[in-house]
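Topology and contacts: notes
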Amino acid sequence: NYTALGSNAILLENDYLSKGYRDVTVEPSYELDEATNRVSVKFEVNEGKQYKVREILFENISGVSAKELIKLLKTKAKSFFNAGNLVESTIYEDEASIISYYATKGYPDAVVSELRIEPTGEEKDNVVYMNVIFSMDEGSRWTIGSINITGNEVFSDEKVAATFSIKEGAILNIEDISLMLQNLSTLYYDNGYIRAYVNPIESRDEATHTISYDIQIFEGPQSVVEEILITGLTKTKPYVFERELNMKVGDIFSRADYIKSQQNLMNTGLLKGISAEIYAGSSSDGVIVE
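Predicted, not measured: the structure shown is a model, and the values here were computed from it. (Residues numbered from 1 in each chain as written. Predicted model: local features only at pLDDT ≥ 70, side-chain atom pairs only at ≥ 80, totals over all residues. Heavy atoms only, no water.)

Let us look at the sheet that holds strand β5 (residues 127-137). Here we have 3 strands laid out as an open sheet, ordered β3-β5-β4, and mixed in their pairing. Looking along the sheet, the strands with just one partner apiece sit at the ends: β3 (50-59) and β4 (111-124). Taken over all neighbouring pairs, the strand axes of this sheet differ in orientation by 20° on average, direction set aside. Of the strand pairs in this sheet, β4 and β5 are connected by 10 bridges, and their pairing is antiparallel. (Pairing = 2+ DSSP bridges. Helix = DSSP H or I, 4+ residues; strand = E, 2+ residues; numbered from the N terminus. Axes fitted to C-alpha atoms, helices over the stretch in contact; angles between N-to-C directions.)

Below, the structure written as structure tokens:
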């Protein structure tokens, strides 16, 4: 099966790449012995040189420090404590981590404008040392403007506002914005509004470098448990588990009861695992729990 040989060759290459052998090649081949009907498999490996990181450098940074960024990275420079292997896939992961970090510090537009991997000229015992250089375009720093929420009829403005602590004038932190939206969605989900939808609309004021958010809430109907299905059983009758549920048909759906029911089922000691799902029911407000 030559496809399997190719897959194994890729696995070998990936193992070498994870150790800094960025030029490695692996060529699979086989020979058939017709007399014995046996196949000899051969993987010809050309390792090439091993590459290690001597330094990690940053250009055009002012909003954050190099020390802050270094702490984020999976890539490490060669030291007594770190092998310093140069793994390009990890470097690209680090690039994403840098951009995400900037977005928590008020720089939502920050990008790595250039990523360079440059030789230092140092080579010893088939090991080549490289510098990794992230050149940044930080963009402007932004603060929070106003946050307006519309569409909430089930919950008061005070109840909705209590789900987040973002203040006008604070440095923009994209993670805080995401958490705010998550908390709003959870407030509705916990109370049976599983079809509720939160739509944030961002607007920027270039003069003041503030970003404001108009958050539209589409509440939808409160969901009712239309049916509860227990599937996948081979040894135990469904009624054994039904009595452990914190919900029943006709109840307003509750996320807390949904989670507690799963915990109760596992606590019986009769199950290896549970996969729980929620589906739309036959009515506009009905849900089926499996």
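Having put the structure on the table, let's press on.
A full pass over the atoms with the stated rule returns 9 aromatic pairs. Considering the side-chain rings of F58 and F134, the 5.7 Å spacing of their centres and the 15° angle between planes classify their relative orientation as stacked. One end of the pair, F58, is in strand β3; the other, F134, is in strand β5, and 76 residues separate them in sequence. Assigned by exposure class, F58 and F134 land together as buried. By the ring-pair criterion, three or more aromatic residues cluster together here, those being F155, Y188 and Y193. One cation-aromatic arrangement involves R22 over Y51; the distance from NZ or CZ to the ring centre is 5.1 Å. (Phe/Tyr/Trp six-rings, centres within 6.5 Å; stacked < 30°, edge-to-face > 60°. Buried < 20%, exposed > 50% of the residue type's maximum accessible area, 1.4 Å probe, protein only. Lys NZ or Arg CZ within 6 Å of the ring centre and 35° of its normal.)

Glancing now at helix α5 (residues 174-190). Under the 1.5 Å per step criterion, the end-to-end length of α5 is 24 Å for 17 residues, consistent within 8% with the ideal 24 Å. Restricting attention to buried positions, one finds in α5 the residues I177, M180, L181, L184, L187 and Y188. What you see down the axis of α5 is that its buried residues fit within an arc of 115°, all on one side. Summarising the contacts, the buried residues of α5 are in contact with β6 (143-150), α4 (157-161), β7 (197-205) and β8 (210-218). The N-terminus of α5 is capped by N173, whose side-chain oxygen sits 2.9 Å from the backbone nitrogen of E175. Downstream of α5 by a residue or two, G192 has a phi angle that is positive, lying close to 90°. (Expected span 1.5 Å × (residues − 1). Arc of directions from axis to C-beta. Contact = heavy atoms within 4.5 Å. Polar contact = N/O pair within 3.5 Å; in protein donor to acceptor, adjacent residues only side chain to side chain.)

Moving on, we come to a nonpolar patch on the surface. Together, Y2, L12, Y30, L32, V39, V41, F43 and V45 make up a nonpolar patch on the protein surface, roughly 700 Å² of accessible area in all. Sorting the residues of the nonpolar patch by element identifies α1 (2-17), β1 (25-33) and β2 (38-46) as the ones contributing at least two each. When residues in the nonpolar patch are grouped by element, the largest group, 4 residues, is from β2. Take F43: it is sitting in strand β2. (Patch = residues over 30% accessible without salt bridge, like charges linked within 9 Å, V, L, I, M, F, W, Y side chains within 5 Å. Areas by Shrake-Rupley, 256 points an atom, 1.4 Å probe, with all protein chains shown as cover. Salt bridge = Lys/Arg side-chain N within 4 Å of Asp/Glu carboxyl O.)

To continue, consider the sheet that holds strand β10 (residues 278-280). Strand order across the open sheet formed by 3 strands is β9-β11-β10, with mixed pairing between neighbours. Pairing within the sheet leaves two strands with one partner each, and these edge strands are β9 (224-228) and β10. Looking at each pair of strands side by side, their axes are set apart by 35° on average, direction ignored.

Relative to the assigned elements, N264 resides in helix α7 (residues 255-267). Using a relative accessible area of 13% as the deciding quantity, one classes N264 as buried. At a separation of 3.0 Å, a polar atom in the side chain of N264 contacts the main-chain carbonyl oxygen of E244. The contact partners of N264, leaving out residues within four places of it in the chain, are E244 and N246.

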